[in-house]
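Each chain, written out:
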Amino acid sequence: MGDRVFNFSPGPATLPLEVLEKAGKDVVDFQDTGIGLIEMSHRSKEFMTVAADAEANLRELMNIPQNYKVLFLQGGASSQFFMIPMNLLGDKKKATYLDTGTWSNKAIKEARIFGDIDVAFSSEDSSFNRVPEDGEYTVSEDSEYLYYVSNNTIYGTQFPTAPSTSKMLVCDMSSDILSRPVDVSRYGIIFAGAQKNLGPAGVTIVIIREDLLDTTPENVPTMLRYKTHADKDSMFNTPPCFSIYVMGEVLKWLKRQGGVEAIEKHNKEKAAMLYEAIDQSDYYRGHAETASRSIMNISFNLPTPELEVKFIAEAAAIGLNGLKGHRSIGGCRASIYNAFPRNGIEKLVAFMRVFETNNPA
Ligand SMILES: *Cc1c(COP(=O)(O)O)cnc(C)c1O
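Note that the coordinates shown come from a computational prediction; the quantities given were computed from them, not determined experimentally.

Definitions and limits used
- Residues numbered from 1 in each chain as written.
- Predicted model: local features only at pLDDT ≥ 70, side-chain atom pairs only at ≥ 80, totals over all residues.
- Heavy atoms only, no water.
- Helix = DSSP H or I, 4+ residues; strand = E, 2+ residues; numbered from the N terminus.
- Buried < 20%, exposed > 50% of the residue type's maximum accessible area, 1.4 Å probe, protein only.
- Polar contact = N/O pair within 3.5 Å; in protein donor to acceptor, adjacent residues only side chain to side chain.
- Contact = heavy atoms within 4.5 Å.
- Near = heavy atom within 4 Å.
- Areas by Shrake-Rupley, 256 points an atom, 1.4 Å probe, with all protein chains shown as cover.
- Nonpolar A, V, L, I, M, F, W, Y, C, P; charged D, E, K, R; others polar.
- UniProt positions renumbered as here; feature names shortened; annotations may be inferred.
- Pairing = 2+ DSSP bridges.
- Right-handed = clockwise from strand over helix to strand, strands pointing away.
- Domains from an automatic or database assignment.
- Buried area = accessible area lost by both parts, 1.4 Å probe.
- Salt bridge = Lys/Arg side-chain N within 4 Å of Asp/Glu carboxyl O.
- Axes fitted to C-alpha atoms, helices over the stretch in contact; angles between N-to-C directions.

## Section: the side chain of Arg 180
Then, number 1: Here Arg 180 is to be found in the loop between β8 (169-172) and β9 (187-193).
Then, number 2: Overall, the relative accessible area of 14% leaves Arg 180 in the buried class.
Then, number 3: A distance of 2.8 Å separates the side chain of Arg 180 from the backbone oxygen of Phe 159, its partner in a polar contact.
Then, number 4: Here Pro 160 takes part through its backbone oxygen, which lies 3.3 Å from a polar atom of the side chain of Arg 180.
Then, number 5: Arg 180 has contacts with Ser 150, Gln 158, Phe 159, Pro 160, Val 260 and Glu 264, leaving out every residue within four places of it along the chain.

The following block contains the structure:
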């Protein structure tokens, strides 16, 4: 096997090596059954146990109340952009959205197909370099929910805490789920594509308050109704078995790390190392305003686009991969989710110092 590089990719992203190694073995022969994991029936006792354990561990780690269902769906986080308003906003009901970047933008576009959507805040004018503070926007009284994206993967901004409102919250946590504690009881729906912080692509977690299962209008197709999947424990049709299995192993790994509080502490320390390197020099400039900084994705610029190209190439040559920023803002981005190792950040910080010395602006 070649040496593993430090993979700063935004998603799919770094997974714990021990999880990958176990998955490699189980794909060929699952727990000495003589059948590979991805060959066995999703209704076999073995796979049903895998799925049930994954749900139980997610419930334990996130402290999910009893009156919430956990669904394992397909179609990516992007399918939730339409499933949420399709199920919750029959008869053109109203909802309020906070526009903090590409992913909220896409969600707003879909929501407008189904409901009367009020965009109460946007940081588009400043290249989405911040999230709003409480009191900076108003949630209309007749809104069914307030929608926001807790971590903006592309811009490197993150809500430091959930918006304070009496309205039900709906949140896209695709890029920071399980990176810090969350009070699930404040939410109607939390969803996340697995491929950032939880596992491979192919499964999307939806945590939904039970009473919302009955709000879906009559004309919504069976597969697109949350209740269909809730009633059948996400086995209405064939679920993404492999993705659920790997996610389950990542959840077990997370428990071994000490759970969400422990990983949050770890994440904050990792992010602080990188922000410190950025703040200590005029050479590197962080994209996000300080109060909106993400502990998962750190977007930054160098003095010129040419230096950025050189920086990314030289970093890759020493095993620091995936540092290119998203095409919509350019620059560099270090994605450092739960499984990203601390020594990878130490190596990046050391490289940043050397690069600055060798390449004056
Ligand atoms: C990556 C991402 C998405 C899109 O996820 P898909 O599974 O590719 O549809 C949505 N929201 C956020 C915050 C993301 O980071």
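From this point, the narrative continues.
## With respect to the site of the ligand
Then, number 1: Around the ligand lies a shell of 13 residues, among which Ser 78, Thr 153, Asp 172, Gln 195 and Lys 196 are the nearest.
Then, number 2: The side chain of Asp 172 places a nitrogen or oxygen atom 2.6 Å from a nitrogen atom of the ligand.
Then, number 3: The contact in question runs from an oxygen atom of the ligand to an N or O atom on the side chain of Gln 195, over 2.9 Å.
Then, number 4: Within the complex, the protein chains bury 87% of what would otherwise be the 390 Å² of accessible surface of the ligand.
Then, number 5: Here the shell around the ligand gets four residues from one element, more than from any other, and that element is helix α3 (residues 76-88).
Then, number 6: Tallied by class, the residues present in the shell around the ligand amount to four nonpolar, seven polar and two charged.

## Describing the UniProt feature "binding site: pyridoxal 5'-phosphate" (unreviewed entry) in the chain
Then, number 1: Feature annotation in UniProt places "binding site: pyridoxal 5'-phosphate" (unreviewed entry) on Ala 77, Ser 78, Trp 103, Thr 153, Asp 172, Gln 195, Asn 237 and Thr 238, given in this structure's numbering. Across 162 residues, the annotated set is spatially dispersed, with a maximum C-alpha separation of 30.8 Å.
Then, number 2: Discounting residues that sit within four places of it in the chain, Trp 103 has contacts with Ser 78, Phe 81, Val 149, Thr 153, Ile 154 and Asp 172.
Then, number 3: Its location among the elements puts Thr 238 in the loop between α5 (226-231) and α6 (241-256).
Then, number 4: Once you skip the residues sitting within four places of it in the chain, Thr 238 turns out to touch His 42 and Gln 74.

## Focus: the sheet that holds strand β12 (residues 297-301)
Whenever strands of a sheet pair, they do so through backbone hydrogen bonds, lying parallel or antiparallel.
Then, number 1: Spatially, the three strands line up as an open sheet ordered β11-β12-β14, and their pairing is antiparallel. Looking at the sheet topology across the chains shown, the edges are occupied by β11 (285-286) and β14 (332-335).
Then, number 2: Both β11 and β12 contribute to a ladder of two bridges, which runs antiparallel. The residue of β12 that forms the bridge with Arg 285 is Asn 301.

## Thoughts on the pairing of strand β4 (residues 116-122)
Then, number 1: As paired elements, strand β3 (residues 94-99) and β4 share six bridges and run parallel to each other. Paired with Leu 98 across the bridge in β4 is Phe 121.
Then, number 2: For the handedness criterion, the β-α-β arrangement of β3, helix α4 (residues 102-114) and β4 is classed as right-handed.

## With respect to the domain arrangement of the chain
Interfaces are often sized by the amount of accessible area the parts lose when they come together.
Then, number 1: By domain assignment, the chain separates into domain 1 (18-256) and domain 2 (258-358).
Then, number 2: A C-alpha centroid distance of 27 Å is found between domain 1 and domain 2.
Then, number 3: Between domain 1 and domain 2, the contact holds 28 residues from the first and 26 residues from the second.
Then, number 4: Summing the contributions of domain 1 and of domain 2, the shared interface buries around 2,100 Å²; its carbon and sulfur component is 55%.
Then, number 5: Across the domain 1-domain 2 interface, the total number found is zero salt bridges.
Then, number 6: At the surface where domain 1 touches domain 2, the tally comes to 17 residue pairs in polar contact (both at pLDDT 80 or more).
Then, number 7: Those elements giving two or more residues to the side of domain 1 that touches domain 2 turn out to be β7 (157-158) and α6.
Then, number 8: Counting residues per element, the side of domain 1 that touches domain 2 draws most heavily on α6, at four residues.
Then, number 9: Per-class residue counts for the side of domain 1 that touches domain 2 are 11 nonpolar, 11 polar and six charged.

## Focus: the pattern of salt bridges
Then, number 1: Going through the model one piece at a time under the given rule, you end up with 17 salt bridges.
Then, number 2: When the shortest N-O distance is used, the salt bridge between Glu 18 and Arg 256 registers 2.8 Å. Taken together, the positions of Glu 18 in helix α1 (residues 17-28) and Arg 256 in helix α6 put the pair 238 residues apart, joining distant regions of the chain.
Then, number 3: A relative accessible area of 42% places Glu 18 in the partly exposed class.
Then, number 4: The class of Arg 256 is exposed, set by a relative accessible area of 51%.
Then, number 5: Note that Arg 293 and Asp 279 form a salt bridge whose closest N and O atoms lie 2.8 Å from each other.

## Side note on the sheet that holds strand β5 (residues 143-149)
Then, number 1: With mixed pairing, the seven strands of this open sheet are ordered in space as β2-β10-β9-β8-β5-β3-β4. Strands at the two margins of the open sheet, each flanked by one partner only, are β2 (68-73) and β4. Averaged over neighbouring strand pairs, the angle between their axes works out to 15 degrees when direction is ignored.
Then, number 2: Relative to β3, α4 is tilted by about 160 degrees, and along the sheet it contacts β3, β4, β5 and β8.

## Remarks on the pairing of β5
Successive residues of a regular strand alternate their side chains across the two faces of the sheet.
Then, number 1: The buried fraction of β5 is high, at six of seven residues.
Then, number 2: As paired elements, β5 and β8 share four bridges and run parallel to each other. Across the sheet, residue Leu 146 finds its bridge partner in β8, namely Leu 169.

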